[in-house]
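Descriptive structure summary
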Amino acid sequence: EIALGTLNIYNVFTLSSCHSINDLDNLLRTLCHGILAKTPIEPDDEQNAIRQVVEYINDHFTDPDLSMTWLADRYGLSTAKLSMSFKELTQISPSDYLLMLRMEKDKELLAQTDETIKDVSAAVGYYDSSGFIRRFKQYASITPLQYRHSLKEGEK
């Protein structure tokens, strides 16, 4: 049985009112909340699980095999519930949080060591240094090597 609110979300006029990715994101979150509301999880248990997820990510962000699917399974949540609840509690998605931790550690390693870019990428959980470089550039708007050079230029 589909609730009336869910049908309204699937209404073509409601969908066409999405003028941005953020509008669509909000609409999909509303839909997911409605769906997930049918699978009761105690709020305190859910918040405790999310706090444990945050702690686990903080302690294991350098693990290249760390994934949202694995975390959801470990803490008894669906990936959608993990993502929504994490964002509600922390104001950031779990994958963005993981990326932020990795990138900040990257910056620290680039500033304080002479390790190669490949070694820095491996140290924070990337198997592939080219993927790391691409993500770093998305995050910092410059490549890791440009970042390192800019720090050295600033020291002069």
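Coordinates for the structure precede this section.
Starting afresh in each chain, residues are numbered from 1 along the sequence in its written order. With pLDDT at 70 or above as the cut-off, local features in this predicted model cover only qualifying residues; side-chain atom pairs require 80 or more to be listed or tallied, and sums for whole chains, interfaces and linings still use all residues. Side-chain numbers here rest on the full set of heavy atoms in the structure, without hydrogens or water.

Runs of H or I in DSSP of at least four residues are treated as helices and runs of E of at least two as strands, each being numbered from the N terminus. One fewer than the residue count of a helix, multiplied by 1.5 Å, yields its expected span. Its 12 residues place the ends of helix H9 (residues 129-140) 16 Å apart at the C-alpha level, agreeing with the 16 Å of an ideal helix rising 1.5 Å per residue. Within H9 the residues assigned to the buried category are Gly 131, Phe 132 and Phe 136. Angularly, the buried residues of H9 cover 135° about the axis, an arc narrow enough to put them on a single face. Looking at H9, the residues exposed on the side facing more than 90 degrees away from the buried face are Arg 134 and Gln 138. Think of it in three bands: with a 1.4 Å probe and only protein chains considered, a residue is buried below 20% of the maximum accessible area for its type, exposed above 50%, and partly exposed in between. Working definition: the arc comes from the directions between the helix axis and the C-beta atoms, pointing outward to the latter.

Now for helix H7 (residues 94-112). If you check H7, its first and last C-alpha atoms are 27 Å apart, about what 19 residues at 1.5 Å a residue would give, namely 27 Å. When H7 is considered as a whole, its buried residues turn out to be Pro 94, Tyr 97, Leu 98, Leu 99, Leu 101, Arg 102, Met 103, Asp 106, Leu 109 and Leu 110.

On to the pattern of salt bridges. A side chain with one charge can pair with a side chain of the opposite charge if their charged atoms come near. Just to be clear on terms, a salt bridge is a Lys or Arg side-chain nitrogen sitting within 4 Å of an Asp or Glu carboxyl oxygen. Enumeration over the complete set of coordinates arrives at four salt bridges. Lys 152 is the partner of Asp 114 in a salt bridge, and the nearest nitrogen-oxygen pair spans 3.7 Å. In this pair, Asp 114 sits in the loop between H7 and helix H8 (117-123) while Lys 152 sits in helix H10 (residues 144-155), placing the two residues 38 residues apart along the sequence. According to the relative accessible area criterion, Lys 152 is partly exposed, its value standing at 39%.

How two helices pack is summed up by the angle between their axes together with the distance between the axes. With their axes 11 Å apart at the nearest point, H7 and H9 run at an angle of 95° to one another. Taken together, H7 and H9 sit at an angle that is classed as roughly perpendicular. Every residue of H9 that contacts H7 at Leu 99, Met 100, Met 103, Glu 104, Asp 106, Lys 107 and Leu 110 is listed here: Phe 132, Arg 135, Phe 136, Tyr 139 and Ala 140. Split by residue class, the contact of H7 with H9 holds eight nonpolar, no polar and four charged. Axes here mean lines fitted to C-alpha atoms, for a helix over just the part in contact, with angles spanning 0 to 180 degrees between N-to-C directions. In this scheme, roughly parallel covers angles under 35 degrees and roughly antiparallel covers those over 145, while 65 to 115 is roughly perpendicular and the rest are oblique. We call two residues in contact whenever any of their non-hydrogen atoms come within 4.5 Å of each other. Residue polarity follows a fixed list, in which Ala, Val, Leu, Ile, Met, Phe, Trp, Tyr, Cys and Pro are nonpolar, Asp, Glu, Lys and Arg are charged, and the others, Gly among them, are polar.

Across soluble globular proteins, nonpolar side chains have a tendency to be buried as a group. Here the nonpolar core consists of buried residues drawn from Ala, Val, Leu, Ile, Met, Phe, Trp, Tyr and Cys, with membership extended through side-chain atoms lying within 4.5 Å. Membership of the largest hydrophobic core comes to 18 residues, with the highest contact counts inside it found for Val 53, Ile 57, Leu 71, Leu 82 and Phe 86. Taken together, the elements giving at least two residues each to this core come down to helix H4 (43-60), helix H5 (68-74), helix H6 (79-90) and H7. With six residues, the single largest contributor to this core is H4. When neighbours within four sequence positions are excluded, Phe 86 is seen to be in contact with Ile 50, Val 53, Val 54, Ile 57, Lys 81, Gln 91, Ile 92, Ser 93, Pro 94 and Tyr 97.

Our next topic: the packing of aromatic side chains. Any Phe, Tyr or Trp ring, taking Trp's six-membered ring, that has another such ring centre within 6.5 Å forms a pair; planes under 30 degrees apart are called stacked, those over 60 apart edge-to-face, and the others tilted. Applying the stated criterion across every chain, the model contains five aromatic pairs. When the centroid spacing of 5.2 Å and the interplanar angle of 40° are considered together, the rings of Tyr 56 and Trp 70 count as tilted. Of the two residues, Tyr 56 sits in helix H4 while Trp 70 sits in helix H5, which places them 14 residues apart along the sequence. The class of Trp 70 is partly exposed, set by a relative accessible area of 36%. Considering the side-chain rings of Phe 136 and Tyr 147, the 5.7 Å spacing of their centres and the 65° angle between planes classify their relative orientation as edge-to-face. Taken together, the residues span a long stretch of sequence, with Phe 136 in helix H9 and Tyr 147 in helix H10 at a distance of 11 residues. When sorted by exposure, Phe 136 lands in the same class as Tyr 147, which is buried.

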